[in-house]
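Structural description and commentary
Here is what each chain is made of, one letter per residue.
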Amino acid sequence: MKYKFRSDLKYKEPVTINISHQKHMMCLNESSLNPFQEIRDALLQRLQSIPLNRYFNPVTAEMKKKLADYCNVQEDYLSWGNGADEMLYYIFISVRENNSSHAVSLSPSYFDYKSYCDAVGLQIQFLSLDPKFDFIPAQFLALTKTAKCRLIIICNPNNPTGNLFSMDKIK
């Protein structure tokens, strides 16, 4: 069997992010506080009993059950990943059906939404935020009124603007 790879990937450049490292990196969701001192002893004791070289160990199963109970959902409704980047990638790749599939987002917003779309061959359309970093829902929804729209993205609080959209506006 001969495999055919996506031709659009042949000419894609690697995504590079050049952000100079600062003392506080809020744009990367880093905390300026170090909680380690508060939990160090308990964490170290717990880590000694965890087989870190094994996937889906009993700690993971216990955590998944507790989280499912807390959220009042079945355990198989939860997905695990190595951080937000991996989970976002899974979402973007899972909604792409073909070359005309697209996502809709606001702009400016989290820069990697476009990177993920590019990586999986998903088109993306943007609605620009107004000068007060807000948007009109009817204009946003107009971009989604096609079967080709497979994903709607609203970053809240928005990154990089930091503004919060009201729950009414999101609904």
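Cut-offs applied
- Residues numbered from 1 in each chain as written.
- Predicted model: local features only at pLDDT ≥ 70, side-chain atom pairs only at ≥ 80, totals over all residues.
- Heavy atoms only, no water.
- Helix = DSSP H or I, 4+ residues; strand = E, 2+ residues; numbered from the N terminus.
- Buried < 20%, exposed > 50% of the residue type's maximum accessible area, 1.4 Å probe, protein only.
- Contact = heavy atoms within 4.5 Å.
- Areas by Shrake-Rupley, 256 points an atom, 1.4 Å probe, with all protein chains shown as cover.
- Axes fitted to C-alpha atoms, helices over the stretch in contact; angles between N-to-C directions.
- Parallel < 35°, antiparallel > 145°, perpendicular 65-115°, else oblique.
- Left-handed = near helix turned anticlockwise from the far one by under 90°.
- pLDDT = per-residue confidence, 0-100.
- Polar contact = N/O pair within 3.5 Å; in protein donor to acceptor, adjacent residues only side chain to side chain.
- Expected span 1.5 Å × (residues − 1).

**Looking at the overall build of the protein chain**
Scanning the protein chain from terminus to terminus reveals six helices and three strands. If you list the helices and strands of the protein chain from N to C, you get α-α-α-β-α-β-α-β-α. Taken over 171 residues, the protein chain has a buried fraction of 22%. For the protein chain, the share of sequence-separated contacts (at least 6 apart) that also reach a separation of at least 24 residues comes to 50%. In the structure as shown, the protein chain presents an accessible area of about 13,600 Å², 56% of it carried by carbon and sulfur atoms.

**What about the packing of helix H3 (residues 84-95) against helix H4 (residues 112-120)?**
Any two packed helices are characterised by the angle at which their axes cross and by the distance between the axes. Relative orientation of the contacting elements H3 and H4 amounts to 50°, with a least axis distance of 9 Å. Taken as axis vectors, H3 and H4 run oblique relative to one another. Judged by the sense of rotation from one axis to the other, the crossing of H3 with H4 is right-handed. The segment H3 lies against H4, with Asp85, Leu88, Tyr89, Phe92 and Ile93 engaging Asp112, Tyr113, Tyr116, Cys117 and Val120.

**Concerning the confidence of the model for the protein chain**
In this model, the protein chain carries an average pLDDT of 85, and 85% of its residues clear a pLDDT of 70 or more. At the low end of the mean pLDDT range in the protein chain sits helix H1 (residues 36-47), at 84; at the high end sits strand S1 (residues 102-107), at 97.

**Notes on the environment of Asn158**
With respect to the secondary-structure elements, Asn158 resides in the loop between strand S3 (149-152) and helix H6 (167-170). The exposure class of Asn158 is buried, given its relative accessible area of 3%. For the pair Asn158 and Leu106, spaced 52 residues apart in sequence, the C-alpha to C-alpha distance is 9.1 Å. Dropping the residues within four chain positions of it, Asn158 is found in contact with Pro108, Ser109, Leu129, Asn163 and Phe165. Of the polar contacts made by the side chain of Asn158, one reaches the side chain of Ser109; its length is 2.9 Å. A distance of 2.9 Å separates polar atoms of two side chains, one belonging to Asn158 and the other to Thr161.

**A short note on H3**
Under the 1.5 Å per step criterion, the end-to-end length of H3 is 17 Å for 12 residues, consistent within 8% with the ideal 16 Å. Where H3 is buried, its residues touch H4 and S3.

**What about the side chain of Ser101?**
Relative to the assigned elements, Ser101 resides in the loop between H3 and S1. Using a relative accessible area of 2% as the deciding quantity, one classes Ser101 as buried. At 3.0 Å, the side chain of Ser101 and the backbone nitrogen of Asn98 are in polar contact. For Ser101, the residues in contact, after removing those within four places along its chain, are Arg96, Leu122, Gln123, Lys148 and Arg150.

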